[in-house]
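Read off the chains here:
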Amino acid sequence: LCKFECDFRWCIRARVTRKTDIRNWSNKRGDGKLFSVDLMDESGEIRATAFNQECDRLYSVLQPKQVYLIRGGIIKVANRQFTSIDNDYELAFSSETQVEPCKDENVHKLPLLSFRFVKFDEIPRTNRKQLIDILGVVEKIGELEHKVARASQRELLKRDLFLIDDTKTAITLTLWGNEAENFKQHGHPIIAVKGVRISDFGGGVSLSTVGDGQIHVDPDIPEAHKLRGWF
DNA sequence: CCCCCCCC
């Protein structure tokens, strides 16, 4: 792979493990809209983003959990500050990008989910510049709270989840916006969350979600079954 | 090309 943006004739067969909503942005360089997908094949995972025309063209084509053949597009260096995906590169779809559903009978072998969990007792020593994946039992579900951001004066919705894992370490995870509002679980679900931020406010360590669509409740993965047995 | 992610 080259170190600058380039448009190779590459082809991958991969499952969509996460799809974001469409988001609009506006800054001094311009404005536009985008969505992104996380793609997984036998070798690992990579994030791909569709901007503007490609956002319109591909948003309804790419669906969560489905497998696609994807050809061509821009390969660029990933910024680990904004993803927990273990890949030095990211993709951006271009007008050259071709996407078609893959009907191959072997596609079921591609896993639905992929995580690199950090145990709670390791979080205090973990690099703050990278997002992490976490797995925990929800010991207590906080109420939905209304806040106002000091800097922007925006109204915020938040909800704290009080988690514990099998290192017997407790930690608080703060959900925001739709995720806070829509968390309607009861009892003690196990949650797996990809790409959470570590926060050091007030001397203690806590966690905060970024973005949307990444909380998996009672995921059907071996680590979750093991944690359920422990709890 | 996004990359803001907030509060105590």
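Residues numbered from 1 in each chain as written. Chains lettered and ligands numbered in written order. Predicted model: local features only at pLDDT ≥ 70, side-chain atom pairs only at ≥ 80, totals over all residues. Heavy atoms only, no water.

Student: An account of the overall build of chain A is requested, with residue identities and associated values reported.
Tutor: Assigned secondary structure in chain A consists of three helices and 14 strands. Expected size for 231 residues packed as a compact globule is a radius of gyration near 17 Å; at 19 Å, chain A falls within 12% of this value. For chain A, the spread of C-alpha atoms along the three principal axes comes to 50 × 45 × 30 Å. Taking contacts inside chain A between residues at least 6 apart in sequence as the whole, the part at least 24 apart equals 63%. Working note: accessible area of chain A is about 13,300 Å², and carbon and sulfur atoms make up 49% of it. Between the mean site of the 35 positive side-chain charges and the mean site of the 34 negative ones, chain A shows a separation of 3 Å. (Helix = DSSP H or I, 4+ residues; strand = E, 2+ residues; numbered from the N terminus. Rg over C-alpha atoms; globule rule 2.2 N^0.38 Å. Contact = heavy atoms within 4.5 Å. Areas by Shrake-Rupley, 256 points an atom, 1.4 Å probe, with all protein chains shown as cover. Lys, Arg positive; Asp, Glu negative; His and termini not counted. Charge placed at Lys NZ, Arg CZ, Asp CG, Glu CD.)

Student: I'd like a rundown of the domain arrangement of chain A, residues and numbers included.
Tutor: Taken domain by domain, chain A comprises domain 1 (11–109) and domain 2 (120–230). Facing the ten residues of domain 1 at the interface are eleven residues of domain 2. Counting the surface lost from both domain 1 and domain 2, the interface buries some 830 Å², and carbon and sulfur atoms represent 39% of this. Contact with domain 2 buries surface across domain 1, with R18, Q81 and S84 losing the most and accounting together for 55% of the total. Across the pair E45 and K194 runs a salt bridge whose closest N-O atoms are separated by 3.0 Å. The tally of links between domain 1 and domain 2 comes to three residue pairs in polar contact (both at pLDDT 80 or more). Among the residues forming the side of domain 1 that touches domain 2, the class breakdown is one nonpolar, four polar and five charged. (Domains from an automatic or database assignment. Buried area = accessible area lost by both parts, 1.4 Å probe. Salt bridge = Lys/Arg side-chain N within 4 Å of Asp/Glu carboxyl O. Polar contact = N/O pair within 3.5 Å; in protein donor to acceptor, adjacent residues only side chain to side chain. Nonpolar A, V, L, I, M, F, W, Y, C, P; charged D, E, K, R; others polar.)

Student: An account of the layout of surface pockets is needed here, citing residue identities and associated values.
Tutor: Space inside the largest pocket adds up to approximately 1,500 Å³. Lining of the largest pocket is provided by 44 residues; of these, R23, L34, F82, V210 and G211 occupy positions nearest its centre. In terms of residue class, the lining of the largest pocket is made up of 14 nonpolar, 15 polar and 15 charged. When residues are assigned to domains, the lining of the largest pocket turns out to be shared by domain 1 (11–109) and domain 2 (120–230), each giving three or more. (1 Å grid on protein atoms, 1.4 Å probe; cavity = no way out; pocket = protein on both sides within 12 Å on 5 of 7 lines; lining within 4 Å. Points joined across faces, edges and corners; volume = space filled by probe spheres on them.)

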